[in-house]
Amino acid sequence: DDDVTTAPINVTEEPTDEPTDEPDDDWDDDDWDDEFDLEEHSMVGIYYSVPSEWTSKDGDENTIYFYTDYGDMLMVKANSCAYGQMDSSFHSSYIVGLSSGIDDCEVLSTSTLKICGVNAYQDILIGNLSGIDLYTNSYCFILDNYLYSVSFVTMTDEVQCDEFDEAEDAIIDSIRKR
């Protein structure tokens, strides 16, 4: 079956093509360590850390899910990719794929940043999956011929809770090349 169906996408904020190199001045690793025990994980060519109390579950090849005790989910995924670096054209295709299974998908914002020293995109989306409202904050970047997707999913169309926000910042900051 070669038919491809994609969900309509509404982008409400135009991204810039220039990644920001601004450090996250609000975050202090020592504060994180006082609140949570971190556990390091690896996938293909990266290391990243998540709170040790989160439950992990393997998905497909090169996909792992982490679940909080308050119902939120983190998905880390790596796919081989012949494309050299993340740019706006590749990112547009990525968003079509990401949103294809989400009903009423709306991209609330898109921004650029650096992860592991390479161009990356952060997208905030809302939509509905099988009758469940979703708020998703997704990061994507290409490193050493792999497309990485790190998505934080909350089962609501509102914003995610403060604890999940803090964990998100620490997890993204912890990503480094193997």
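Structure first, text after, so check above.
What comes next concerns the included structure. (Residues numbered from 1 in each chain as written. Predicted model: local features only at pLDDT ≥ 70, side-chain atom pairs only at ≥ 80, totals over all residues. Heavy atoms only, no water.)

Here we come to the overall build of the protein. The helix and strand inventory of the protein stands at three helices and 11 strands. For the protein, the N- to C-terminal ordering of α and β elements is β-α-β-β-β-β-β-α-β-β-β-β-α-β. Counting every position in the protein, which comprises 178 residues, the buried fraction comes to 42%. Expressed as a percentage of contacts within the protein between residues at least 6 apart in sequence, the contacts between residues at least 24 apart total 53%. When the accessible surface of the protein is totalled, it reaches about 9800 Å², and 42% of it is carbon and sulfur. (Helix = DSSP H or I, 4+ residues; strand = E, 2+ residues; numbered from the N terminus. Buried < 20%, exposed > 50% of the residue type's maximum accessible area, 1.4 Å probe, protein only. Contact = heavy atoms within 4.5 Å. Areas by Shrake-Rupley, 256 points an atom, 1.4 Å probe, with all protein chains shown as cover.)

With that settled, consider the packing of aromatic side chains. All told, the structure shown has nine aromatic pairs when counted by the stated rule. Judged by centre distance (6.2 Å) and plane angle (80°), the rings of Tyr 48 and Phe 66 are edge-to-face. Here Phe 66 lies in strand E5 (residues 63-67) and Tyr 48 lies in strand E3 (residues 46-51), a separation of 18 residues in the sequence. The pair formed by Tyr 48 and Phe 66 is uniform in burial state, with each residue classed as buried. Relative to Phe 152, the ring of Tyr 139 has its centre 6.1 Å away and its plane inclined at 85°; by these criteria the two rings are edge-to-face. Of the two residues, Tyr 139 is situated in strand E9 (residues 132-143) and Phe 152 in strand E10 (residues 146-154); the sequence distance between them amounts to 13 residues. As far as the burial class goes, Tyr 139 and Phe 152 line up, both buried. Three or more aromatic residues joined by ring pairs make a cluster, and in this case those are Trp 54, Tyr 70, Tyr 139, Phe 152 and Phe 164. (Phe/Tyr/Trp six-rings, centres within 6.5 Å; stacked < 30°, edge-to-face > 60°.)

Moving on, we get to the side chain of Ser 151. Mapping Ser 151 onto the fold places it in strand E10. Among the polar contacts listed, one links the side chain of Ser 151 to the side chain of Ser 138, at a separation of 2.9 Å. Look past the residues within four positions of Ser 151 in its chain and what remains in contact with it is Met 73, Leu 74, Met 75, Thr 136, Asn 137 and Ser 138. (Polar contact = N/O pair within 3.5 Å; in protein donor to acceptor, adjacent residues only side chain to side chain.)

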